[in-house]
Every structure is written in structure tokens, then in C-alpha cells.
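So the chains spell out like this:
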Amino acid sequence: MTYDGQTYGAPYAVETLVLYANNELTDVPEPSTVEELVEAGEAGGAENVLSLPVGEEGDAYHMRPFYTSGGGYLFGEDSEGNLDPSDVGVGQEGSISAAEKIVELGEQGVLKTSISNDNAISLFTDGNAAYLISGPWALADIRTAEVDFTMSQVPGFEGMDPAVPFAGVNAFFVASSGANQAFAQQFATDVVSSPDIAEAMFAGNESPPVNLEPQEKLSADYPEIVKIAEYAGDASPMPAIPEMAAIWEPLGQAEANLVGGADAESTMTSAGEQISSQIG
């Protein structure tokens, strides 16, 4: 894990959003497009086609796959491939196209502000949603509820860009003010990379390990965990720039408003202006 070329952490686990399907509520467990997901969910007669946290204030993290599939981006890149905070994608053409698709899903009742992080997983485990977009943290509840489920990558809109969720990473960090920095640095570089450490961490936190050796050991008993680690390879790393803090609230609120029927262009343009003003 690096920032400005400086290594600051050693990863041990990765996570990303996936699509869970209740096999009793849909005949299409791995839809290839959002449109196919909606059609299959409606045909299955579930109370909710999709459980995705939106809430009254929005959730830009969970909406990320739809935002990217619609053509939206957060920050551009400079000639060396580094993120350019002066190039804010919110409010640009791609984000407006994504906003139009989000409005459509709101009008269809596929996305709802009444679904939030408080009830998104339970709606699925209680049999009230055909599909769920969530991460590996939902697996324990899904297994406990004994849901007959299939897991796949989040699909994108037909004829548009792929859906690209964020990849989140759990890591060991070396504290800048620590008393034993040399020892901590050695631990982070030499010990953390050991498969034994990855296995020990998994016992207390069932997150997909980044190390391939424990992935292979887990594949028989935890196939979904290994699959999520593979899916994370197609996800995009969370932008490691301070300006990312300016994104979450304006974009999330804009997306919640879009689900509620707000105008796509003016809503996304306003959010982009708010973000740019915070970045300065």
C-alpha cells in the first residue's frame, strides 16, 4: 500500500461488492446486465427486486457499480497515471448518463431510499428481496438464514460500461510515531506476508485473504470467500488521495435525490460543483 511512492501498509485481506441472488426468488441467479436482473426479479414476484443500501442520505460506496457502468468517474489521471484531483468527474457527461440510469431504477422501484445499511441484508435473508448487492460481511447472515443463494459479479447496464465496484483492503500499518518503528517495519514487510499470518487473521475475521496460499486452502470450505478475492481483481482501489473525503457526502446525497426522482443533469452538476469547491 503506497502513497506518493511511500509504502505505508501491508495488506492481508481484500473485499469488494458482489451480487447475491436468492435462488428461490429468481430463475436468473447470475444476470449479465442490470436489465436482466430487473426483469428476472420482477418475474419472481419478490417484494423487492434488489436490496442495495441507498437511504435518505445516499451511499456512494454501494452505488459505485451503477455509477461506473453509466460512465461516471471520480477523478481523472495525469500523464503518469496518478489521480488528478483537479479533474472531478462528478458533474461531467459520464456522471450525468449514470444519473439518468439511477433515476430510471428509482422510477421502477428497483432502488429505494427506504433501503439502507440498517435493513439491506435482512431484507434479503428474510426472503423479501430477490437480489442483494453487498460484500463478504453479508455472508455470515446469509448462511445463518440458510438462504439458497448464488454469488456473482455486479452486472452493468446493457450496452454501457462494466460495473466496477471499489476494492477495499485490510492492512497492517506502521505508526509514524511508534516507539519501535524499525521492528514494526520488519514485521510489516517480513511477517505479515506469511501465509500463516493470513490464516490466523482469517480465523478472527473471515475476509478474503490477499495471499494465494491460504486462498487455495480455503477454497473447499469457503468457495465464496475465494471468489470474492478474485472479483476484487476487477475492482478499482479506493482512491488514496485526501480529496476523496470531499466525494462521499455530495455524491451520495445526489444519488439518493436521483432515486427520489430529482433531475439528473442539474443534480449531478450541483454535486460536482460542491465537490470542486471543497477541494479548492
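Look a little higher up for the structure.
Bear in mind that the values here come from a model prediction, so they are computed numbers and not experimental data.

Peer 1: Can you break down the nonpolar core residue by residue, with the values?
Peer 2: The nonpolar side chains of a soluble globular protein tend to be buried, and buried together. One finds Leu50, Phe66, Leu74, Val90 and Leu111 to be the most contacted residues of the largest nonpolar core, which totals 50 residues. For this core, the secondary structure elements donating two or more residues are strand S4 (18-22), helix H1 (34-44), strand S5 (48-51), helix H2 (60-69), helix H3 (93-107), strand S8 (129-134), helix H10 (248-259) and helix H11 (264-279). Ranked by the residues each element gives to this core, the list is headed by H3, at six residues. Leaving out residues up to four positions away in the same chain, Val90 has contacts with Tyr67, Tyr73, Leu74, Ser95, Ile247, Leu251, Met268, Ala271, Gly272 and Ile275. Counting residues in each nonpolar core, the second largest holds 20 residues, with Val18, Ile115, Val147 and Val226 among its members.

Peer 1: Requested: an account of the sheet that holds S5, with residues and values cited.
Peer 2: One open sheet holds the four strands; their spatial order is S5-S8-S4-S9, and the pairing between them is mixed. The open sheet has two free edges, formed respectively by S5 and strand S9 (149-152), since each of these has just one partner strand. Each strand of the sheet is rotated relative to its neighbour by a mean of 20°, with strand direction disregarded. With four bridges joining them, S4 and S8 adopt antiparallel strand pairing. Among the inter-strand pairings, Ala21 is bridged to a residue of S8, identified as Tyr131. Its contacts with the sheet put H1 on S4, S5 and S8, and the angle it makes with S5 is roughly 130°.

Peer 1: I'd like a description of the side chain of Thr125, backed by residues and values.
Peer 2: Relative to the elements of secondary structure, Thr125 occurs in helix H4 (residues 120-125). A polar atom in the side chain of Thr125 sits 3.2 Å from the backbone oxygen of Ser122. Contacts of Thr125, omitting those with residues within four sequence positions, involve Asp141, Ile142, Ala145 and Val147.

Peer 1: Give a description of the sheet that holds strand S3 (residues 9-16) that names residues and reports values.
Peer 2: Overall, mixed pairing links the three strands, which are arranged S3-S10-S11 in an open sheet. Looking along the sheet, the strands with just one partner apiece sit at the ends: S3 and strand S11 (236-237). In this sheet, S11 lies alongside strand S10 (residues 166-173) in parallel orientation, the contact comprising two bridges. Paired with Phe166 across the strands is Ser236, a residue of S11.

Peer 1: So, H3: which residues are in play, and what are the values?
Peer 2: Compared with the 21 Å implied by 1.5 Å per residue over 15 residues, the 21 Å span of H3 between its first and last C-alpha is a close match. Within H3 the residues assigned to the buried category are Gly94, Ser95, Ile96, Ala98, Ala99, Lys101, Ile102, Val103, Leu105 and Gly106. Immediately beyond the C-terminal end of H3, within one or two residues, lies Gly109, with a positive phi of roughly 80°.

Parameters at a glance
Residues numbered from 1 in each chain as written. Predicted model: local features only at pLDDT ≥ 70, side-chain atom pairs only at ≥ 80, totals over all residues. Heavy atoms only, no water. Core = buried A, V, L, I, M, F, W, Y, C linked by side-chain atoms within 4.5 Å. Buried < 20%, exposed > 50% of the residue type's maximum accessible area, 1.4 Å probe, protein only. Helix = DSSP H or I, 4+ residues; strand = E, 2+ residues; numbered from the N terminus. Contact = heavy atoms within 4.5 Å. Pairing = 2+ DSSP bridges. Axes fitted to C-alpha atoms, helices over the stretch in contact; angles between N-to-C directions. Polar contact = N/O pair within 3.5 Å; in protein donor to acceptor, adjacent residues only side chain to side chain. Expected span 1.5 Å × (residues − 1).

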